[in-house]
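Spelled out, the chains give:
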Amino acid sequence: MIKFLDLKKINKKYQEELKIAANRVIDSGWYILGNELKSFEKEYASFCGVKYCIGVASGLDALKLILRAYIENGEMESGDEIIVPTNTYIATVMAIIDNGLRPVLVEPNFKTYNLDSNKIESKITKKTKGILTVHLYGQISIDDKMLDLSKKYNLKLIEDAAQSHGAVYNGSVSGGIGEVAAHSFYPGKNLGALGDAGAVTTNNKSIFEIIKSLRNYGSESKYIYKYRGFNSRLDEIQAAFLNVKLKYLKNEIEIRRKIAAEYLKKIKDKNILPKINDHNSHVWHLFVIRVKNREKLIKSFKKNNVETLIHYPIPAHLNEPYKSLKIGNYKKTEIMSSEIISLPISPVVSIREINIICDLVNQHE
Ligand SMILES: *Cc1c(COP(=O)(O)O)cnc(C)c1O
């Protein structure tokens, strides 16, 4: 069986260190907002090349708290519009709607899968306050055009960096390119905890201070509340695990790059492969190809015990709770979601397994 993602095997490599970290937290008697978190926030901020990092409970919370912080800071208000890609994980869209803001969907470039910066300007109105762009599958979605637009129209450039830990565009690292970024450490992400966890990174001091307060009930000091906040803290035990795993992230990214290079070389039909934009260093959270007759390929994978997944089978606007978003024509996104398929990629996939997968793809017609 070639698993899509073997988390047990991935974490097994670090088992001894993870146990020591867990024991350290248990012995410390301090389980929330302590030294493990402080140390992770410092290391991760430095990894992203920014001044501030705030650990939160999940990637979704990171996105929600970012938008809430702009609202608290008087920079956004209910009914304002946020540009967002049609083809993202549902959390990105949810965070906008849950804050009373309006998602304005824009289709991606169908080769890179990332938000198409050429399609943004025509969607900008007086109400547009931000671009929430997603570095989908591990490639930075920001380019010079998007940076220029955000300056020209005074839009907040927000990164959903849940899939792109360590990716680089033009020398800037994921999480340090826009004004503020949301990160997820869901177990299956490239930097994964052993439970839920997330973070916000930024160089903006006032946004940093507001989010730091919002994650802890909106308090600035104990029992004194400045905002209506949330309970969204990153537990000490998860921070301790992340402190271990962060040390190996660069190495794991290198292994992912080697696997991606094998796929890019061995899959014969180059038209179905993902495209890497100029000046980009991809971290391959997912390796996604596009095929006709997808069901047939999935059947052949199943017959040969290869697990694959689809990210994502149904775009946000076609899901029941988000049907009100179906105001535009997103036909290309709908076609794309019927053609994409994610092949196994992780630090524990072997070259032998990749060869099997490539043979099956090459036999497909
Ligand atoms: C995983 C993910 C999220 C949400 O992260 P959680 O930690 O699961 O809440 C948000 N956006 C994208 C693009 C993701 O892949």
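Being a predicted model, the structure only gives us computed values, none of them experimental. (Residues numbered from 1 in each chain as written. Predicted model: local features only at pLDDT ≥ 70, side-chain atom pairs only at ≥ 80, totals over all residues. Heavy atoms only, no water.)

### Some details on the overall build of the chain
Summing up its helical and strand segments, the chain has twelve helices and 14 strands in all. The globule rule puts the C-alpha radius of gyration for 365 residues at 21 Å, and the 20 Å found for the chain is close to it. Along the three orthogonal principal directions, the C-alpha set of the chain runs to about 65 × 55 × 40 Å. Relative to its full complement of 365 residues, the chain shows a buried share of 56%. When the accessible surface of the chain is split by element, carbon and sulfur atoms take 52% of a total near 16600 Å². Counting 54 positive and 41 negative side-chain charges, the chain places the centres of these two groups 3 Å from one another. (Helix = DSSP H or I, 4+ residues; strand = E, 2+ residues; numbered from the N terminus. Rg over C-alpha atoms; globule rule 2.2 N^0.38 Å. Buried < 20%, exposed > 50% of the residue type's maximum accessible area, 1.4 Å probe, protein only. Areas by Shrake-Rupley, 256 points an atom, 1.4 Å probe, with all protein chains shown as cover. Lys, Arg positive; Asp, Glu negative; His and termini not counted. Charge placed at Lys NZ, Arg CZ, Asp CG, Glu CD.)

### Topic: the nonpolar core
With 36 residues, the main nonpolar core has Phe40, Tyr44, Ile120, Ile131, Phe185, Leu191 and Leu242 as its most contacted residues. Taken together, the elements giving at least two residues each to this core come down to helix H3 (35–48), strand E3 (102–106), helix H6 (144–152), helix H8 (236–246) and helix H9 (249–266). Per element, the largest residue contribution to this core is six residues, and it comes from H3. Each of domain 1 (7–106 + 113–246) and domain 2 (249–363) gives at least three residues to this core. Among residues more than four places away in sequence, those in contact with Ile120 are Ile83, Leu115, Ile131, Met146 and Leu149. (Core = buried A, V, L, I, M, F, W, Y, C linked by side-chain atoms within 4.5 Å. Domains from an automatic or database assignment. Contact = heavy atoms within 4.5 Å.)

### Details of the site of the ligand
Around the ligand, the structure places 14 residues, and the nearest of them are Gly59, Asp160, Gln163, Ser184 and Lys189. For the ligand, an oxygen atom lies 2.8 Å from a polar atom in the side chain of Gln163. The side chain of Ser184 places a nitrogen or oxygen atom 2.7 Å from an oxygen atom of the ligand. Coverage of the ligand by the protein chains reaches 92% of its 380 Å² of free accessible surface. Split by residue class, the shell around the ligand holds seven nonpolar, five polar and two charged. (Near = heavy atom within 4 Å. Polar contact = N/O pair within 3.5 Å; in protein donor to acceptor, adjacent residues only side chain to side chain. Nonpolar A, V, L, I, M, F, W, Y, C, P; charged D, E, K, R; others polar.)

### Things to note about a positive patch on the surface
Side chains of Lys3, Lys8, Lys12 and Lys19 sit close together on the surface and give a patch of like positive charge. As for its position among the elements, Lys19 is in helix H2 (residues 15–28). (Patch = residues over 30% accessible without salt bridge, like charges linked within 9 Å, V, L, I, M, F, W, Y side chains within 5 Å. Salt bridge = Lys/Arg side-chain N within 4 Å of Asp/Glu carboxyl O.)

### Focus on the domain arrangement of the chain
When the domains of the chain are assigned, the result is domain 1 (7–106 + 113–246) and domain 2 (249–363). In total, about 3200 Å² of surface goes out of reach between domain 1 and domain 2, with carbon and sulfur atoms giving 59% of it. When the area that domain 1 buries against domain 2 is broken down by residue, the three leading residues are Tyr113, Tyr137 and Asn190, summing to 24%. Counting every contact that joins domain 1 to domain 2 gives zero salt bridges. The interface formed by domain 1 and domain 2 includes 18 residue pairs in polar contact (both at pLDDT 80 or more). Elements with a minimum of two residues in the side of domain 1 that touches domain 2: helix H1 (7–12), helix H5 (90–98), E3, strand E6 (168–169) and H8. Per element, the largest residue contribution to the side of domain 1 that touches domain 2 is four residues, and it comes from H5. (Buried area = accessible area lost by both parts, 1.4 Å probe.)

### So, the pairing of strand E2 (residues 81–85)
The buried count for E2 comes to five of five residues, which makes it a mostly enclosed element. Pairing of E2 with E3 involves five bridges; the strand directions are parallel. Paired with Val84 across the two strands is Leu105, which belongs to E3. Inspection of the sheet shows E2 paired to strand E4 (residues 128–134) by three bridges, in the parallel sense. Paired with Ile82 across the strands is Gly130, a residue of E4. (Pairing = 2+ DSSP bridges.)

### A short note on the side chain of Thr202
Along the chain, the position of Thr202 falls in strand E9 (residues 198–202). In terms of polar contacts, Thr202 uses its side chain to reach the backbone carbonyl oxygen of Glu179, at 2.7 Å. For Thr202, the side chain forms a polar contact with the main-chain nitrogen of Asn204, separated by 2.9 Å. For Thr202, the residues in contact, after removing those within four places along its chain, are Val50, Lys51, Tyr52, Glu179, Val180 and Phe208.

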